[in-house]
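If you want the building blocks of each chain, they are given just below.
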Number of protein chains: 2
Amino acid sequence: MSQAYDVYNDRCPTRMVLDRIADKWAVLILDRLQDGPVRFNHLRRDIHGISQKVLSQTLKKIERDGLVSRTVYATVPVTVEYALTPLGRTLTETVRTLAHWAEKNMDAVLAAQQAYDAATAPPR
Amino acid sequence: MSQAYDVYNDRCPTRMVLDRIADKWAVLILDRLQDGPVRFNHLRRDIHGISQKVLSQTLKKIERDGLVSRTVYATVPVTVEYALTPLGRTLTETVRTLAHWAEKNMDAVLAAQQAYDAATAPPR
DNA sequence: CTGGATCCCAGCCGATACTG
DNA sequence: CAGTATCGGCTGGGATCCAG
């Protein structure tokens, strides 16, 4: 990884970014925005399992990071669109390689889990 | 991303893997193991801020996923070495691209945050 | 429609003590 | 050395109600 920073210590940029990447909901939102701007409630519906509170918080966080933009339209009622910024787009492209890994190695992980459980769980 | 799976719904492999990647400590451990096997207390010392409990839990989790192997040596006192499995190694290589993104775009994120804070926080 | 404000509980995580 | 066990505090996040 990087020799320049001490990844295992605090105050390391990689660790900082890791804290953001490590947000499952943020990644899911970023991914959902890849095909264009989406409105708040639309995100809420699409991303199954996210609460309105967490959605709101997460959006604010990634907006602060400059990963998404927030555009308000003075319609009645008001409309708000969230969209990927160029910076956000570079991140989703990077994250996509993770998704590829996931799909490719899912079976191996599942198999490992079953083997592990079979070897440890059987108190009988 | 993947058309075959609904990333935004539960029971999706990508989402499953995301739960693991989203574990900051797991990623840090995996990364630390890249240069070869490491013993428990050594990991504990190197990864600043992790508690023994969380280290133990996380190791067990990623061992179950088949990402690391656990080898016990019958020395006195006992020695345990954790090492990356081939599967784990492919994952760290993928994650490394994330680290590259982090280092490359850290400044942009930092700047975005400051701009955001300056635009929203200054009630004065 | 887009959130903010509250209440509240489950789970997480640190600290500590103990075992093989 | 390498953990497990237990307790307890803190907070993240769900549910609900309300506002612009």
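Refer to the preceding data block for the structure.
Residues numbered from 1 in each chain as written. Chains lettered and ligands numbered in written order. Predicted model: local features only at pLDDT ≥ 70, side-chain atom pairs only at ≥ 80, totals over all residues. Heavy atoms only, no water.

A.B. asks: What should I look at first to understand the layout of surface pockets in this one?
C.D. replies: Residue and element names in this part refer to chain B. Each pocket or cavity is described by its volume, and for the largest pocket that value is around 270 Å³. Surrounding the largest pocket, 14 residues form its lining, Phe40, Asn41, Arg70, Val80 and Tyr82 being those nearest its centre. Put simply, the parts of the chain that give the lining of the largest pocket at least two residues each are α3 (40-46), α4 (52-64) and β3 (79-84). With 4 residues, α4 is the largest single contributor of residues to the lining of the largest pocket. (1 Å grid on protein atoms, 1.4 Å probe; cavity = no way out; pocket = protein on both sides within 12 Å on 5 of 7 lines; lining within 4 Å. Points joined across faces, edges and corners; volume = space filled by probe spheres on them. Helix = DSSP H or I, 4+ residues; strand = E, 2+ residues; numbered from the N terminus.)

A.B. asks: Is there a simple way to explain helix α2 (residues 24-32) of chain B in this structure?
C.D. replies: Think of an α-helix as 3.6 residues a turn; residues three or four steps apart then line up on the same face. All names here are of chain B. In terms of residue burial, α2 counts as a mostly covered element, since 8 of its 9 residues are buried. All buried positions along α2 are accounted for by Trp25, Ala26, Val27, Leu28, Ile29, Leu30, Asp31 and Arg32. For α2, the N-terminal cap is Asp23; the gap from its side-chain oxygen to the backbone nitrogen of Trp25 is 3.0 Å. (Buried < 20%, exposed > 50% of the residue type's maximum accessible area, 1.4 Å probe, protein only. Polar contact = N/O pair within 3.5 Å; in protein donor to acceptor, adjacent residues only side chain to side chain.)

A.B. asks: Explain the protein's contact with DNA strand D to me, please; I cannot follow it from the model alone.
C.D. replies: With respect to spatial proximity, 17 residues lie near DNA strand D, and among them Ser51 and Lys53 of chain A together with Gln52, Arg70 and Tyr82 of chain B are the closest. A distance of 2.7 Å is found between a phosphate oxygen of DNA strand D and a side-chain nitrogen or oxygen belonging to Ser56 of chain B. Per-element accounting of the surface near DNA strand D gives the leading share, 4 residues, to α4 of chain B. When its residues are assigned to classes, the surface near DNA strand D shows 7 nonpolar, 5 polar and 5 charged. (Near = heavy atom within 4 Å. Nonpolar A, V, L, I, M, F, W, Y, C, P; charged D, E, K, R; others polar.)

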